[in-house]
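Descriptive structure summary
Given next are the chains, with one letter for each unit.
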Amino acid sequence: MAHCEGKKMSKHSSGNNNKKLIIAIIVIIIIASIGICLYLANQGDNESTTSSSNGLFQNKSKTAEKIISEMKEKNTNIGKVVIYNSETDLNKLLGRPGQYTSKITFEDKRIKQTNANLDKELSTEAEINEPTGGTIEVFENEKDMKNRKNYVEGFSTTAMFSQYIYSKGNALLRIDGDLTPEQAREYEALFNEIVK
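Reference entry: report on the structure contained in this document. (Residues numbered from 1 in each chain as written. Predicted model: local features only at pLDDT ≥ 70, side-chain atom pairs only at ≥ 80, totals over all residues. Heavy atoms only, no water.)

Take unusual backbone geometry next. In the Ramachandran plot, lysine 92 falls in the positive-phi region, its phi being about 55° despite a non-glycine side chain. Note on placement: lysine 92 falls in the loop between strand 1 (78-83) and strand 2 (100-108). (Helix = DSSP H or I, 4+ residues; strand = E, 2+ residues; numbered from the N terminus.)

With antiparallel pairing, 5 strands are arranged side by side in an open sheet as 1-2-3-5-4. For this open sheet the edge positions go to strand 1 and strand 4 (163-168), each flanked by a neighbour on one side alone. Averaged over neighbouring strand pairs, the angle between their axes works out to 20° when direction is ignored. Here strand 4 runs beside strand 5 (residues 171-176); their pairing, made up of 6 bridges, is antiparallel. Bridge pairing links serine 167 to leucine 172 in strand 5. Contacts from helix 2 (residues 64-74) reach strand 1, strand 2, strand 3 (133-139) and strand 5 within the one sheet, and its direction differs from that of strand 1 by about 170°. (Pairing = 2+ DSSP bridges. Axes fitted to C-alpha atoms, helices over the stretch in contact; angles between N-to-C directions. Contact = heavy atoms within 4.5 Å.)

Locating arginine 185 in the fold gives a position in helix 5 (residues 181-194). Looking at arginine 185, the relative accessible area reads 43%, which means it is partly exposed. A sequence separation of 10 residues divides arginine 185 from isoleucine 175, and the C-alpha atoms of the two residues are 9.4 Å apart. (Buried < 20%, exposed > 50% of the residue type's maximum accessible area, 1.4 Å probe, protein only.)

A word on helix 5. Here helix 5 is 14 residues long and its end C-alpha atoms lie 20 Å apart, about the 20 Å a rise of 1.5 Å per residue gives. Among the residues of helix 5, Gln183, Ala184, Tyr187, Leu190, Phe191 and Ile194 are the ones counted as buried. One side of helix 5 holds all its buried residues, which, seen down the axis, span an arc of 120°. Those residues of helix 5 that are buried are in contact with helix 2, strand 1, strand 2, strand 4 and strand 5. (Expected span 1.5 Å × (residues − 1). Arc of directions from axis to C-beta.)

Right, let's get into the packing of aromatic side chains. For the coordinates displayed, the defined rule picks out 3 aromatic pairs. When the centroid spacing of 6.0 Å and the interplanar angle of 80° are considered together, the rings of tyrosine 100 and phenylalanine 139 count as edge-to-face. A residue pair is termed long-range when its members are at least 10 positions apart, and tyrosine 100 in strand 2 and phenylalanine 139 in strand 3 qualify at 39 residues. Per residue, the accessibility class of tyrosine 100 equals that of phenylalanine 139, and both read buried. For the pair phenylalanine 106 and tyrosine 187, a centre-to-centre distance of 5.4 Å together with 50° between the ring planes defines the contact as tilted. Residue phenylalanine 106 is found in strand 2, and its partner tyrosine 187 is found in helix 5; the two are separated by 81 residues along the sequence. When sorted by exposure, phenylalanine 106 lands in the same class as tyrosine 187, which is buried. Sitting over the face of the ring of tyrosine 84, lysine 103 holds its NZ or CZ atom 5.2 Å from the ring centroid. (Phe/Tyr/Trp six-rings, centres within 6.5 Å; stacked < 30°, edge-to-face > 60°. Lys NZ or Arg CZ within 6 Å of the ring centre and 35° of its normal.)

Okay, structure coming up:
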């Protein structure tokens, strides 16, 4: 008789184990389903953010080089243009996280190109030969552009670094303070026309 009772207990405990196993599997499936749903919901949010920022707020299809090329077609005061890459960028910011993805500096022919503010003994040849007129920087997104704009505005109020600063979408235009406000507004209007 004791032998039979052992078998009954064994069947009963194995039934409980099966129920526990089934419950554990169901819990795992539910947790996995919730995780997948949260992941997919987050992906959808990222895609809608990207597409909305690609629409009106970003200018991903235009680089700084493309923008200045179009501006130069419509403004004969633009002379020499320097296109930077990650090695030639004087600020060493091009392509770095949170910084501009393309950059150019251009000459305005109405400004004497002396770079008189530079200490010739401490400056590199690239700094000495950098044209004076304006700079265009294009960023991965509008947030990065605004961070850079806020930074530049912090020191652009001093006479040595005086400049006009305009932005649209993820592009930043900086015009040398030697130009008159009217001349700077010409660049602003052209920039706003080109940057969509």
